[in-house]
Amino acid sequence: MLFVLLAFSSCQKGPVMYTIAEKPSEVVTNAEKFVKQTEKRSSHYTAEDWQVAVDQFVAMSKNYMDKKAEMSEAEVNRFTSARLNFMKSVQKNGTEELALQIKEVYSRIEPQN
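What you see is a predicted model, and the numbers here were worked out from it, not measured in a lab. Within each chain, residue numbers correspond to sequence positions counted from 1 in written order. In keeping with the model being predicted, local features are shown solely for residues with a pLDDT of at least 70 and side-chain atom pairs are shown and tallied solely at 80 or more, while totals for entire chains, interfaces and linings include all residues. Side-chain metrics in this entry use all non-hydrogen atoms of the structure; hydrogen atoms and water are not considered.

A. Spatial organisation of the packing of aromatic side chains. Pairing of aromatic side chains requires ring centres within 6.5 Å, counting the rings of Phe and Tyr and the six-membered ring of Trp. Pairs whose planes differ by under 30 degrees are stacked, by over 60 edge-to-face, and all others tilted. Enumeration according to the criterion identifies five aromatic pairs in this entry. Between the aromatic rings of Y45 and W50, the centroid separation amounts to 4.9 Å while the plane-to-plane angle is 70 degrees, which identifies the pairing as edge-to-face. W50 carries the same exposure label as Y45, and that label is buried. Chaining the aromatic ring pairs together yields one cluster made of Y18, F34, F57 and F86. Lysine and arginine charges are scored as sitting over a ring when NZ or CZ, respectively, is within 6 Å of the ring centre and within 35 degrees of the ring normal. Between the NZ or CZ atom of R83 and the centre of the ring of Y64, over which it lies, the distance is 5.3 Å. Per-residue accessibility, obtained with a 1.4 Å probe over protein chains only, is compared with the maximum for each type, and a residue is labelled buried under 20%, exposed over 50%, and partly exposed between these values.

B. Molecular detail of the environment of K36. What counts as a helix is a DSSP run of H or I of at least four residues, what counts as a strand is a run of E of at least two, and both are numbered from the N terminus. The topology assignment puts K36 in helix α2 (residues 24-41). With 50 residues separating them in the primary sequence, K36 and F86 have C-alpha atoms 8.3 Å apart.

C. Spatial organisation of helix α3 (residues 47-67). Helix span, expected: 1.5 Å multiplied by one less than the number of residues in the helix. Here α3 contains 21 residues, and its C-alpha end-to-end distance of 30 Å stays within 8% of the 30 Å for a straight helix at 1.5 Å per residue. Taken as a whole, α3 has its buried residues at D49, W50, A53, V54, Q56, F57, M60, S61, N63, Y64 and K67.

D. Looking closely at the environment of A99. Assignment of secondary structure puts A99 in helix α5 (residues 96-109). For the pair A99 and V54, spaced 45 residues apart in sequence, the C-alpha separation works out to 9.1 Å. Contact partners of A99, with chain neighbours within four places excluded, come to V90 and Q91. Throughout, a residue-residue contact means that at least one pair of heavy atoms, one from each residue, lies within 4.5 Å.

E. Structural context of the nonpolar core. To qualify as a nonpolar core, a set must consist of buried Ala, Val, Leu, Ile, Met, Phe, Trp, Tyr and Cys residues joined through side-chain atoms within 4.5 Å. Counting 26 residues, the largest nonpolar core has V27, F34, M60, F79, F86, V90 and I102 as its most contacted members. Put simply, the parts of the chain that give this core at least two residues each are α2, α3, α4 (73-93) and α5. Leave out the neighbours within four places in its chain, and V90 touches W50, T95, L98, A99 and I102.

F. Region of the structure containing the packing of α3 against α4. It is the contact of α3 with α4, at a shortest axis distance of 12 Å, that shows an interaxial angle of 165 degrees. As the angle between them shows, α3 and α4 are arranged roughly antiparallel. The two elements α3 and α4 cross, and the hand of that crossing is left-handed. On α4, the residues that touch W50, A53, V54, F57, M60, S61 and Y64 of α3 are V76, F79, R83, F86, S89, V90 and N93. For the contact of α3 with α4, the per-class residue count stands at 10 nonpolar, three polar and one charged. Axis definition: a line fit to C-alpha positions, over the contact stretch in the case of helices; interaxial angles, taken between N-to-C directions, run 0 to 180 degrees. Should an angle lie under 35 degrees it is considered roughly parallel, over 145 roughly antiparallel, and from 65 to 115 roughly perpendicular; all remaining angles are considered oblique. By definition, turning the near helix anticlockwise from the far helix through less than a right angle yields a left-handed crossing, and turning it clockwise yields a right-handed one. Note on residue categories: nonpolar means Ala, Val, Leu, Ile, Met, Phe, Trp, Tyr, Cys or Pro, charged means Asp, Glu, Lys or Arg, and polar means any other residue, Gly included.

See the structure below:
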């Protein structure tokens, strides 16, 4: 019985929720967890799940912007890598409209020179 419960709990579907962090290092860790879990579940996402994921991406990005000045260069690079992986997942499994929303959010975070 316990094995069945463990197997069932590891097969969760539906959108992943990003946890807002207080410490800069937690922003990075939470972003990496969010993206990895989203990548694992993305092939099962509905359009509604993707919209929730994009909303969570926006919350994650705002949390990052609030803490970026306190982050080391390595933390900024790790966050950027996680964010790019999320964008790839959206482009691969989401819709074109969602990919455009993500690009718009990304452009506000990292403005072009």
